[in-house]
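Each chain, written out:
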Amino acid sequence: MIFEVFRQEKPGDYHRHVGNVHAPDREMAKLFASIQHGRRMQTNSLWVVPQPEIGEVDVDDVRFGGATDKAYRWAMTYNDIDASFAREVEDSEAEQREAARKRREAMREGDD
């Protein structure tokens, strides 16, 4: 039987496919995997999976990412902003600073 082997270098890393081993059972596959794929390189853990148990999900099975436009998630969508938008942001920030100043003054007057 063929077993696929996935190796993790350091804790927290992803397991990456590194090859396969031929073995009569799972215990022998784990032993062969540790010798062939875990001994020579830094290894935190190995996953050993019978090849027939691995399933694939591809684009025909499911539509990845959904059907909605998610361009707003990428900063590159904000590259074509005109100067009026920058002025609007600046004006808004100035209004917020002025409101904060007035609140501080009102608090000081209330303390007197």
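Residues numbered from 1 in each chain as written. Predicted model: local features only at pLDDT ≥ 70, side-chain atom pairs only at ≥ 80, totals over all residues. Heavy atoms only, no water.

Points about the overall build of the chain
Spelled out, the test is: For helices the rule is a DSSP run of H or I covering at least 4 residues; for strands it is a run of E covering at least 2, with both sets numbered from the N terminus onward. Throughout this description, buried means an accessible area under 20% of the type-specific maximum (1.4 Å probe, protein chains only), exposed means over 50%, and partly exposed covers the range between. The accessible surface values rely on the Shrake-Rupley method and a 1.4 Å probe; as for residues, cover is taken only from the protein chains in view.
Looking only at helices and strands, the chain features 2 helices and 3 strands. Expressed as a percentage of the 112 residues in the chain, the buried residues total 15%. As displayed, the chain offers around 9500 Å² of accessible surface, 52% of which is attributable to carbon and sulfur atoms.

Considerations on the side chain of histidine 37
We apply this condition: Should any heavy atoms of two residues lie within 4.5 Å, those residues are counted as being in contact.
Here histidine 37 is to be found in helix H1 (residues 26–38). For histidine 37, the contacting residues outside a window of four places in its chain are Val5, Arg7, Val18, Gly19, Asn20, Val21, Thr43 and Leu46.

Here we look at the pattern of salt bridges
Going by this rule: Only one rule defines a salt bridge in this text: a Lys or Arg side-chain nitrogen within 4 Å of an Asp or Glu carboxyl oxygen.
All told, the structure shown has 4 salt bridges when counted by the stated rule. Linking glutamate 9 and arginine 7 is a salt bridge whose minimum nitrogen-to-oxygen distance equals 3.7 Å. Judged by relative accessible area, which is 9%, arginine 7 ranks as buried. One salt bridge in this structure joins glutamate 98 and arginine 101, with 2.3 Å as the shortest N-O distance. Here glutamate 98 pairs with arginine 101, and both are found in helix H2 (residues 83–111), just 3 residues apart, close to one helical turn. According to the relative accessible area criterion, glutamate 98 is partly exposed, its value standing at 32%. A relative accessible area of 31% places arginine 101 in the partly exposed class. Several salt bridges share partner residues, and in doing so they unite Glu98, Arg101 and Glu105 into one network.

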